[in-house]
Amino acid sequence: MSMLTKPSFETTLQVRDSCLCLHVQRAARALARRFDDVLRPLGLTNGQFSLMMSLNRPEPPGMAAVASVLAMDRTTLTAALKPLQRRGLVKVAADAKDRRSRLLGLTAKGRSLLVRAVPVWQRTHLEIEGLLHDGEPDRLRKNLRALS
């Protein structure tokens, strides 16, 4: 058994410099702030934008499908939907095939807001991709998908 009472400072530096979880979290927070800033004039956060985009489908998806796409549990998804419902941007309806299940969809007002938000997202996304070397955005996406 080790006699260490605390990790060494060298270990702290190793974690700071090499921990994938730390670096992904930092990058995620920085990206989230950037998208929050550009979407704020539209009254959206980056999370709300992603949630609304996940509802932009030919047929209304169920809660489980949306939760899976967004990598969140159903309770968190339900909480995230509430402010969008109050604003009249999304609707939650019982599934006619299974009254216990809920289907999620955008309202006309929600679709209209997305029409305005998508160019903002596209412009910002291109700026961010421009910070990476040629070919790196696709490589980064591939590597992140492998981890998720």
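Calculation notes
Residues numbered from 1 in each chain as written. Predicted model: local features only at pLDDT ≥ 70, side-chain atom pairs only at ≥ 80, totals over all residues. Heavy atoms only, no water. Helix = DSSP H or I, 4+ residues; strand = E, 2+ residues; numbered from the N terminus. Expected span 1.5 Å × (residues − 1). Buried < 20%, exposed > 50% of the residue type's maximum accessible area, 1.4 Å probe, protein only. Contact = heavy atoms within 4.5 Å. Polar contact = N/O pair within 3.5 Å; in protein donor to acceptor, adjacent residues only side chain to side chain. 1 Å grid on protein atoms, 1.4 Å probe; cavity = no way out; pocket = protein on both sides within 12 Å on 5 of 7 lines; lining within 4 Å. Points joined across faces, edges and corners; volume = space filled by probe spheres on them. Nonpolar A, V, L, I, M, F, W, Y, C, P; charged D, E, K, R; others polar.

Asks: It is not clear to me how helix H5 (residues 74-86) should be interpreted in this structure. Could you clarify?
Replies: An α-helix turns once every 3.6 residues. As a result, residues three or four positions apart point the same way. Taking 1.5 Å as the rise per residue, H5 with 13 residues should run 18 Å; its terminal C-alpha atoms sit 18 Å apart, in good agreement. Turning to H5, its buried residues are Leu77, Leu81 and Leu84. On its buried side, H5 packs onto helix H3 (46-55), helix H4 (63-70), strand E1 (90-95) and strand E2 (98-106). Residue aspartate 73 occupies the N-cap position of H5, its side-chain oxygen lying 3.1 Å from the main-chain nitrogen of threonine 75. Where H5 terminates, the next one or two residues include glycine 88, which has phi positive at roughly 75 degrees.

Asks: Mind showing me how you'd approach the layout of surface pockets here?
Replies: To find leftover empty space, one rolls a probe the size of a water molecule over the atoms. In this structure, the largest pocket spans a volume of roughly 1,500 Å³. Looking at the largest pocket, it is lined by 37 residues, and the ones nearest its centre are Ala28, Leu31, Phe35, His125 and Leu144. Elements supplying a minimum of two residues to the lining of the largest pocket: helix H2 (20-39), H3, H4, helix H6 (108-130) and helix H7 (136-147). When residues of the lining of the largest pocket are assigned to their parent elements, the largest contribution, 11 residues, is made by H2. Partitioning the lining of the largest pocket into residue classes produces 25 nonpolar, 8 polar and 4 charged.

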